[in-house]
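# Report on the structure
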Amino acid sequence: MTDQAHKATSLTEPASPTSANAPEPQRPDGARTGMAFGRHWIQRYATLVGFAIMVAAFWIAEPAVFGTLDNMRSILELAAPILILAAGLTVVLSNGEFDLSFPGLIGLSAVVGVQLMSDHGANAAVAIVGALAVGLAGGLVAGFLVSLQRASSFIVTLALQTVFTGIALGLSGGGSTIADVTEGYISVTFNRVLGVPLPIVYAAVIVLAAFVLMRFTVFGRQTLAIGSNPGAARLAGIRVGQTRMWGFVVMGLCAGIAAVILSSQTGQFSPDLAGGLFIPPFVAAFFGISVLAAGRFNVFGTTVGALFVATLQTGLTIVGADSYLANIVIGAVLIVILFVAAQSRTQA
Amino acid sequence: MATREQPVVALRDVEKAYGTVQALRGVSFEIHAGEVIGMVGANGAGKSTLNKVISGQTAPTGGELLVDGEPVNFAHPREALAAGIALVPQELSLIEDRSVAENLFLGRMPKRLGFVLDGELQAQSRAALARVGLDDIDPTVPASELTPVEQRLVTIAEAISKQPRVLILDEPSAALPAETAARLEPIIRSLAADGTAVIYVSHRLAEIQRLAHRVFAMRDGRHAGDLAREEITIDAMVQLVGGSALREEPRPVVKTRADAPVVVRSRGLGGTLVHDADLQLHRGEIIGIGGLQGSGRSELLRLIGGIQGRSAGDVDVLGGGALETPHAAVRRGVGYVPEGRKAMTFPTMSVAANSTIALITDISRMRTFVDVGRERELAGGIAERVRMVGDLDAPITTLSGGNQQKACISRWLLKGVKLLLLDEPTVGIDVHARAGIHQLLRELAAEGTTIVVACSEPEELVLLCHRVFVMVEGGVAAELEAPFNVEQVVAASYAR
Ligand SMILES: Nc1ncnc2c1ncn2[C@@H]1O[C@H](COP(=O)(O)OP(=O)(O)OP(=O)(O)O)[C@@H](O)[C@H]1O
Ligand SMILES: [Mg+2]
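Residues numbered from 1 in each chain as written. Chains lettered and ligands numbered in written order. Predicted model: local features only at pLDDT ≥ 70, side-chain atom pairs only at ≥ 80, totals over all residues. Heavy atoms only, no water.

### With respect to the overall build of chain A
- Scanning chain A from N- to C-terminus turns up 15 helices and two strands.
- Sequence-distant contacts, at least 24 apart, represent 75% of the contacts inside chain A between residues at least 6 apart. (Helix = DSSP H or I, 4+ residues; strand = E, 2+ residues; numbered from the N terminus. Contact = heavy atoms within 4.5 Å.)

### Examining the sheet that holds strand β21 (residues 450–454) of chain B
Residue and element names in this part refer to chain B.
- Spatially, six strands are ordered β17-β20-β21-β15-β22-β23 in an open sheet, and the strand pairing comes out mixed. Only two strands of the sheet have a single partner each, and these edge strands are β17 (334–337) and β23 (475–481). Averaged over all pairs of adjacent strands, the angle between their axes in this sheet comes to 15°, without regard to strand direction.
- Pairing of β17 with strand β20 (residues 419–423), which is carried by four bridges, proceeds in the parallel orientation. Residue Y336 lies in a different strand from β20, and its bridge partner there is L421. (Pairing = 2+ DSSP bridges. Axes fitted to C-alpha atoms, helices over the stretch in contact; angles between N-to-C directions.)

### Some words on the sheet that holds strand β9 (residues 166–170) of chain B
Residues and elements named next belong to chain B.
- Ordered by their spatial adjacency, six strands build an open sheet running β6-β9-β10-β3-β11-β12, and the pairing between neighbours is mixed. Strand pairing shows two members of the sheet lacking a second neighbour, β6 (85–88) and β12 (222–228), which therefore form its edges. Pairwise comparison of adjacent strand axes, ignoring direction, gives a mean angle of 20° for this sheet.
- Across six bridges, the pairing between strand β11 (residues 214–219) and β12 is antiparallel. Each bridged residue has a counterpart across the sheet, and for F216 the counterpart in β12 is D226.
- Sheet contacts for helix α5 (residues 148–161): β6 and β9; angle to β6, the most-contacted strand, approximately 180°.

### Some details on the domain arrangement of chain B
Residue and element names in this part refer to chain B.
- Looking at the assigned domains, one finds that chain B contains domain 1 (9–245) and domain 2 (249–333 + 417–496).
- Spacing between the C-alpha centres of domain 1 and domain 2 amounts to 33 Å.
- The interface is formed by 20 residues belonging to domain 1 together with 13 residues belonging to domain 2.
- For the pairing of domain 1 and domain 2, the buried interface totals around 1,200 Å² over both sides, and the portion due to carbon and sulfur atoms is 53%.
- Across the salt bridge formed by R204 and E457, the nearest N and O atoms sit 3.2 Å from each other.
- Linking domain 1 to domain 2 there are seven residue pairs in polar contact (both at pLDDT 80 or more).
- Those elements that provide at least two residues to the side of domain 1 that touches domain 2 are α6 (178–193) and α8 (234–242). (Domains from an automatic or database assignment. Buried area = accessible area lost by both parts, 1.4 Å probe. Salt bridge = Lys/Arg side-chain N within 4 Å of Asp/Glu carboxyl O. Polar contact = N/O pair within 3.5 Å; in protein donor to acceptor, adjacent residues only side chain to side chain.)

### Quick notes on the site of ligand 1
Residue and element names in this part refer to chain B.
- Contacts to ligand 1 come from 19 residues, most closely from G44, K47, S48, T49 and S400.
- A distance of 3.3 Å is found between an oxygen atom of ligand 1 and a side-chain nitrogen or oxygen belonging to E171.
- Computed on the free molecule, ligand 1 has an accessible area of 640 Å², of which 88% lies beneath the protein chains in the complex.
- Mapped onto the shell around ligand 1, the elements with two or more residues apiece are β2 (21–31), α1 (47–54) and α13 (401–415).
- Sorting elements by how many residues they give to the shell around ligand 1 places α1 first, with three residues.
- Its residues placed into classes, the shell around ligand 1 shows six nonpolar, 11 polar and two charged. (Near = heavy atom within 4 Å. Areas by Shrake-Rupley, 256 points an atom, 1.4 Å probe, with all protein chains shown as cover. Nonpolar A, V, L, I, M, F, W, Y, C, P; charged D, E, K, R; others polar.)

### Some words on the layout of surface pockets
All names here are of chain B.
- Put simply, the second largest pocket is a space of about 1,100 Å³.
- Going through the elements one at a time, α6, α7 (205–211), α8, α14 (431–446), α15 (458–464) and α16 (486–494) are the ones with two or more residues in the lining of the second largest pocket.
- Examining the composition of the lining of the second largest pocket, we find that six residues originate from one element, α15, more than from any other.
- Of the residues that constitute the lining of the second largest pocket, the class distribution is 21 nonpolar, seven polar and 14 charged.
- Counting residues domain by domain, the lining of the second largest pocket receives three or more from each of domain 1 (9–245) and domain 2 (249–333 + 417–496). (1 Å grid on protein atoms, 1.4 Å probe; cavity = no way out; pocket = protein on both sides within 12 Å on 5 of 7 lines; lining within 4 Å. Points joined across faces, edges and corners; volume = space filled by probe spheres on them.)

### Focus: the coordination of the magnesium ion (ligand 2)
- Those protein atoms acting as donors to the magnesium ion (ligand 2) are S48(B) (OG) and Q90(B) (OE1), and they sit at 2.0 to 2.2 Å. Here Q90(B) lies in the loop between β6 and α3 (100–104) and S48(B) lies in helix α1, a separation of 42 residues in the sequence. (Donors = N, O, S within 2.8 Å, 3.2 Å for Na, K, Ca; no water.)

### Some thoughts on the state of the cysteines
- Taken as a whole and judged by the stated rule, the model has zero disulfides over all chains.
- Here C455(B) is not disulfide-linked; the sulfur of C465(B) is the nearest cysteine sulfur, at 7.5 Å. (Disulfide = S-S within 2.5 Å.)

### Describing the packing of helix α9 (residues 198–216) of chain A against helix α14 (residues 299–318) of chain A
Residues and elements named next belong to chain A.
- At a closest axis distance of 9 Å, the pairing of α9 and α14 adopts a crossing angle of 155°. Regarding the angle of α9 to α14, the classification is roughly antiparallel. Within the contact between the two elements, α9 uses V207, A210, F211 and M214 and α14 uses V299, F300 and T303.
- Broken down by class, the residue content of the contact of α9 with α14 amounts to six nonpolar, one polar and no charged. (Parallel < 35°, antiparallel > 145°, perpendicular 65-115°, else oblique.)

### Let's talk about a nonpolar patch on the surface
Residue and element names in this part refer to chain A.
- Residues W41, I42, V49 and I53 make up a contiguous nonpolar surface patch of roughly 400 Å² in combined accessible area.
- Relative to the elements of secondary structure, I42 occurs in helix α2 (residues 33–61).
- Using a relative accessible area of 51% as the deciding quantity, one classes I42 as exposed. (Patch = residues over 30% accessible without salt bridge, like charges linked within 9 Å, V, L, I, M, F, W, Y side chains within 5 Å. Buried < 20%, exposed > 50% of the residue type's maximum accessible area, 1.4 Å probe, protein only.)

### Structural notes on the packing of helix α5 (residues 102–118) of chain A against helix α6 (residues 124–147) of chain A
All names here are of chain A.
- Running from N to C, α5 and α6 cross one another at 155°; their axes reach a closest spacing of 8 Å. The angle between the axes of α5 and α6 places the two elements in the roughly antiparallel class. The crossing of α5 and α6 is right-handed. Listed contacts from α6 to L105, L108, S109, V112, G113, L116 and M117 of α5 are A124, V126, A127, G130, A131, V134, G135, G138 and G139.
- Here the contact of α5 with α6 is built from residues that sort into 10 nonpolar, six polar and no charged. (Left-handed = near helix turned anticlockwise from the far one by under 90°.)

### Focus: the pattern of salt bridges
All names here are of chain B.
- According to the stated counting rule, one finds 27 salt bridges over all chains in the structure shown.
- Residue K162 pairs with E158 through a salt bridge whose shortest N-O separation is 3.2 Å.
- Overall, the relative accessible area of 26% leaves K162 in the partly exposed class.
- Two residues, E249 and R442, come together in a salt bridge whose shortest N-O distance is 2.5 Å. With E249 in the loop between α8 and β13 (262–270) and R442 in helix α14, this pair connects stretches of sequence that are 193 residues apart.
- Shared partners join several salt bridges into a network, and the residues in it are R204, E207, R434, E457 and E460.

### Topic: the interface of chain B and chain A
- With 54 residues of chain B in contact, the opposing surface of chain A contributes 38 residues.
- Sorting the residues of chain B by area buried against chain A places H327(B), F346(B) and T348(B) first, and these three jointly supply 15% of that buried surface.
- At the boundary of chain B with chain A, the tally comes to one salt bridge.
- One salt bridge in this structure joins R221(A) and E375(B), with 2.7 Å as the shortest N-O distance.

Next comes the structure, spelled out in structure tokens:
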């Protein structure tokens, strides 16, 4: 039966990355040895080769700009918030859930952090703790609502996105920019260690933590099990709702951290702080499914995916593409990646 | 059966490698019109792989496939179907959110001007369903609303409705209760009488004995031998598939329960079908739940395990009252193996991870970090005991069906529970491994675990259980104590 068709439709609901009822691969797997090997190789490396070709193309187009160390650094700096959000998103997606609320949560966390300084004279440390606490709380709310299992996380978090954005606008007096941040707050992202900008260091730490969490902890293992087959996870004694809730809390914390980085980098809260950060984490996570034909969401693949998106965005800017064009390209890339991901899921 | 004619399908020295796993090593095979071939072999012997090659699901890595004497190269199952070869795969493959009718006629709906002729479709669906005894199924309901047994019958109906020249049934009866499986036999006989060639894979050797004109045995990816009709006996098949005769399993001897603590006690327990169940199960007992399909066997198990909510009565498990959730059950030392592999496998996870998932916290460092070394060691040890063959680090989907079943059951054998509830645990497991699992269950019981097995095969209940409760229409109709025999179980199942 057409397993493919089934998989393609189930992409809108990641509840079944390779759901319990995914039968063994049903499609013919290539002809004789040579071709079978070829197909296998293509599956493993297709997206990585695509990444490499893209880098080469930008390099050839703008060798003087693209190939510089400065440019590498700026790609990584652009990648930092994407990496952090994508790492959190990977945990949620691995659970078989969706989160669409993080852009709103970033705004809300940022406005609270910045206002603690501007309106209450707080220092940077207090502001940061405040922003992170809001991120955690937002994740807890999302996770709690989802764990009630009354509606899909897709809809619940879509609604929360509006709620969070609305509160942020209300707090900031109708969405005005607040620029009163302390110097200490700016230095959180402005400084470098060993020549590496701090946001890159933060992103590296968080990606590593997410990797360890998913790969080496009981929580990570149970998360994978839930994403793989929620019913079987329940029967194995895993607390499905609770584990999913903690996944959203991780995501919320990541949103809080991204909020601090973004508002520190720009030195202000502005309503469009998270603008442009909605789609890239999804591109990164879905790209990750196909990396080395993993067949499921994974932090390593997500990391490669985040670097891919950041490189694509930077490259497009360097070659002088208009931003609307960049939007079209990234959206199109997401569609292609969804197809590739669906493919490697059915093959896994 | 017409053996002198040209075979409809023939294989010559077919090889199939999955990466480094050599699933088929030079297999030759042929089947003639009207012939029923019983295919037997241990789990992982290569039966499903061979049938996937014949039906174009997978391409061989060597050798030749001939249809009507002509070499063919199927690039897609569609091409095999066009050549008249239809496969009912081992794993259920219905699209759950589509209707039964759509599933039956996917890709070949009756149409006019591009529009599906709905009346026609329903009529054809009803006819196809009637063929397998599903007269009372409404073809417009989604496949997800059917029970696993009905889903299995629908996949068989689908294949038959294609009127294939070669019909391949890969363990069609595995997930079916014995009395439903028996319904397939006359259907297969009549198909064969009409000239259809049938390949019938099963671990239930008695079925093969009744149905097959010839037995084709496989072992380790090779053709292990043939049995002609008159040579087909259970013993001969057991020898061929395992290379050794089966050791006689020890018959259960009932112990005095007077001094053994009570593990489960129920009073008037009821669910949707089950009613008034009064049970008292003791430590170290192996209890069977018998009865016909739909008699409430599985439900009784779920009610005890807290998987399904009670509607009446009370139950006490291990002195802690009723269980409300599976999580609570596991905490109290109760493991539950559901009916059907899909309900318990984690397809994206490794074999090792699948067999340790229930005890992953217990074997972690500081209850947080997975102890990978320990995990592998435990998974490897249990794999040996249940005779599971396969790469522990590979995804579980690379295992043969029976080996997947073993990996899933292993998680409770490793967990060391006090009460183990098993629903049709040996479905799809080969005869030698089945004896091995029985032995493991006996050892667990001797160490004090209470085991409850819901099972549709009276033979298995007789081999394994100290006591059996036979269900009829949701009620406990009889309680048998070892030694009892198959006839007694059957008689009680049909009692009113
Ligand atoms: N997709 C796959 N990738 C890797 N190995 C595979 C794959 N499918 C099957 N195998 C391996 O091929 C061998 C034969 O498997 P097959 O499914 O044909 O066994 P089987 O005889 O049908 O067993 P069972 O009775 O358990 O269904 C096994 O060792 C199995 O692990
Ligand atoms: Mg098989």
